[in-house]
Structures are given as C-alpha cells and as structure tokens.
Amino acid sequence: MTNTDKRVTRVREVRRRLAQEGPPRTRDHERDFETVTVPERHCDQLRDLMVSEGAEKVVEIGLAYGSSALAIGEALVTVDPPFPRHLIIDPFQEREYSNAGRDLLRSAGLDPIVTLMPTPSSTALPQLVSEGFVADAAFVDGSHRFYEVFVDLYFLRKVVRPGGLIVVDDGWWPSVHTAVRYYERNTGWKVIPDAFPGEPIGVGPPGGQGARCKAYRLPDPSFEPSFKDFRAF
Ligand SMILES: C[S@@+](CC[C@H](N)C(=O)[O-])C[C@H]1O[C@@H](n2cnc3c(N)ncnc32)[C@H](O)[C@@H]1O
C-alpha cells in the first residue's frame with residue numbers, strides 16, 4: 001500500500017464511522033446530525049467532483065459535523081497535488097459544535113492541509129481576497145440567509161480562479177436558490193449537469209422541490225457585467 005493509499009484509507013474509515021455511528025457529540029437538538037450534515041451519498045458525489053477537477057486548493061464555508069469537509073479532504077488526499085490546502089470557515093465550530101468537526105478532521109489525519117478560520121464568512125472571505133488567495137473550488141454550506149449567501153458568492157467569485165468550480169448545498173431553500181440565481185443569470189456561471197445525480201436526500205424545506213446540491217463552472221475569462229445588462233433573478 002502506498003503512502004497515499006494509506007492516507008485515503010484513513011479518511012475513508014473516519015467518514016464511514018461518522019456516517020454509520022454519527023459524531024462523538026451533537027447539539028441538544030432533535031436529530032441534529034441528520035438535519036445539519038451533508039448526507040453520505042452527496043458527500044461521495046462532492047468528493048468525485050473535486051477529484052475530477054484535480055483540486056489542490058479548496059475553500060469551504062460551514063464545518064459543523066465535518067461530513068462534507070472529510071469528503072473534500074479525501075479528494076485532496078486522493079489527488080495528492082504538490083500544495084494541497086483546505087480552508088474552512090466557521091465561526092460557530094467551537095461554541096455550537098464543541099469542535100466535533102475539527103476533531104474528526106484531526107483523527108482523519110487531515111490537520112496538515114486544513115486551516116480553520118473561526119470568523120463569519122463575510123469577514124474571512126475578504127481577508128482571503130486581500131491576501132491574494134486563489135482556490136480551484138469552493139463548497140458553500142454556511143449561513144443560509146439570502147444576503148449572507150449572496151455575499152459569500154460575491155467574494156468567492158474573486159477567490160475561485162476563472163474556470164473553477166463553486167458547489168452550493170441546500171439550493172432547495174428559496175433563500176439560497178435566489179442568491180445563486182443572480183450569479184447564474186448575470187455572471188456567466190454554468191450549472192454542471194449530472195454532478196449530483198439521483199433524487200436529492202436529506203432534510204429540506206417542507207414540500208420543497210429542486211436539487212439540493214448544485215455545481216457551477218465559473219467563466220474563463222472572468223468578466224464584470226455592465227449594470228445596463230442586469231437580468232432580474
Ligand atoms: C448546515 S451546517 C454545515 C454542515 C456541514 N457541511 C456538514 O456536512 O456537517 C452550516 C454551518 O455553517 C456555519 N455558519 C453559520 N453562519 C456562518 C457564517 N456567517 N459564516 C461561516 N459559517 C457559518 C454554522 O456554524 C454551521 O456549522
């Protein structure tokens with residue numbers, strides 16, 4: 001077994017245990033893990049997407065119980081690029097989740113590539129822009145308020161390289177869907193069809209319809225739309 005194989009196996013083992021047994025601790029909310037975390041099948045699809053991108057640098061918003069972070073970590077370890085980095089933004093990991101996600105990433109051996117930014121994405125992302133950080137891909141599963149998702153995507157346009165990937169979870173909520181729709185209609189983001197095949201799973205809005213996770217390809221070259229071309233969304 002190569003060193004890469006061993007690292008992948010270690011991440012997979014933590015992922016498998018988390019999916020089967022749940023996290024070591026949860027908040028005192030009914031079915032909190034099932035409600036909050038990205039289900040295993042969608043995590044596998046996210047991992048496959050990141051692997052097929054050959055991702056080296058990924059920004060993630062929203063750690064919680066770490067299911068999606070572990071899947072992205074598995075992708076980075078599988079791709080095994082020269083300088084892998086996984087920046088994860090979450091201001092509530094310690095206070096709300098007692099560091100459950102962070103500890104799982106550690107036990108999966110992902111510490112060397114993970115940086116946790118414990119501030120709201122609306123302040124962490126501009127910091128990344130001012131530092132000149134460039135990502136190949138981003139996964140968005142933080143605040144689900146319309147204006148916070150909109151701001152996340154505003155900054156991620158500047159952080160993710162032209163032609164890169166932005167994956168958004170929970171697009172079945174109107175607040176999230178509406179925010180993304182602006183970028184689809186006005187900034188040339190293209191849905192990647194069949195990135196998340198099959199019926200969406202997980203806990204969504206009552207009677208909600210539509211895809212849960214959606215992946216978008218950013219235009220290359222990137223462009224700034226004229227306000228005169230604004231398309232309502
Ligand atoms: C739905 S959970 C993420 C679930 C996670 N992807 C998983 O698979 O377990 C949403 C997360 O976003 C975080 N969050 C809420 N507001 C945020 C903000 N303004 N910036 C960054 N993260 C935020 C919460 O602390 C929570 O961990």
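What counts and what doesn't
Residues numbered from 1 in each chain as written. Predicted model: local features only at pLDDT ≥ 70, side-chain atom pairs only at ≥ 80, totals over all residues. Pairing = 2+ DSSP bridges. Helix = DSSP H or I, 4+ residues; strand = E, 2+ residues; numbered from the N terminus. Contact = placed C-beta atoms within 7 Å. Axes fitted to C-alpha atoms, helices over the stretch in contact; angles between N-to-C directions. Core = buried A, V, L, I, M, F, W, Y, C linked by C-beta atoms within 7 Å. Buried ≥ 20, exposed ≤ 12 C-beta atoms within 10 Å, placed from the backbone. Expected span 1.5 Å × (residues − 1). Parallel < 35°, antiparallel > 145°, perpendicular 65-115°, else oblique. Nonpolar A, V, L, I, M, F, W, Y, C, P; charged D, E, K, R; others polar.

### A short note on the sheet that holds strand E7 (residues 214-217)
Hydrogen bonding along the main chain pairs the strands of a sheet, whether they run parallel or antiparallel. Across the sheet, 7 strands lie side by side as E3-E2-E1-E4-E5-E7-E6; this open sheet has mixed pairing. Across the chains shown, the open sheet's two edge strands, defined by having one partner strand only, are strand E3 (114-117) and strand E6 (190-191). As paired elements, strand E2 (residues 85-89) and E3 share 4 bridges and run parallel to each other. Bridge pairing in E3 places Ile88 opposite Leu116. In this fold helix H3 (residues 40-53) packs onto strand E1 (57-61), strand E4 (135-140), strand E5 (160-168) and E7, with an angle of close to 170° to the strand it touches most, E4.

### Remarks on the nonpolar core
Considering soluble globular proteins, one finds that nonpolar side chains tend to be buried as a cluster. Counting residues in hydrophobic clusters, the biggest one holds 64 residues, and the most contacted among them are Val58, Ala138, Ile166 and Val167. Ranked by residues supplied to this core, first place goes to helix H4 (residues 67-79) with 7 residues. Apart from the residues lying within four places of it in its own chain, the contact partners of Ala138 are Val58, Val59, Leu156, Val159, Val160 and Ile166.

### Side note on H4
Here H4 is 13 residues long and its end C-alpha atoms lie 19 Å apart, about the 18 Å a rise of 1.5 Å per residue gives. Of all the 13 residues making up H4, 11 are buried; the element is thus mostly covered by neighbouring parts of the structure. Within H4 the residues assigned to the buried category are Ser67, Ser68, Ala69, Leu70, Ala71, Ile72, Gly73, Glu74, Ala75, Leu76 and Val77. Buried positions along H4 lie against helix H1 (3-21), H3, E1, E2, helix H6 (100-107) and E4. A positive phi of about 55° marks Asp80, the residue just after H4.

### Description of the packing of helix H7 (residues 121-131) against helix H8 (residues 146-159)
Closest axis-to-axis distance for the H7/H8 pair is 9 Å, and the angle between their directions is 10°. One element, H7, and the other, H8, form an angle in the roughly parallel class. Only Glu148, Val151, Asp152, Phe155, Leu156, Lys158 and Val159 of H8 make contact with H7, whose side of the interface consists of Ser121, Ser122, Leu125, Pro126, Leu128 and Val129. In the contact of H7 with H8, the residues fall into 8 nonpolar, 2 polar and 3 charged.

Structural measurements only, silent on function.
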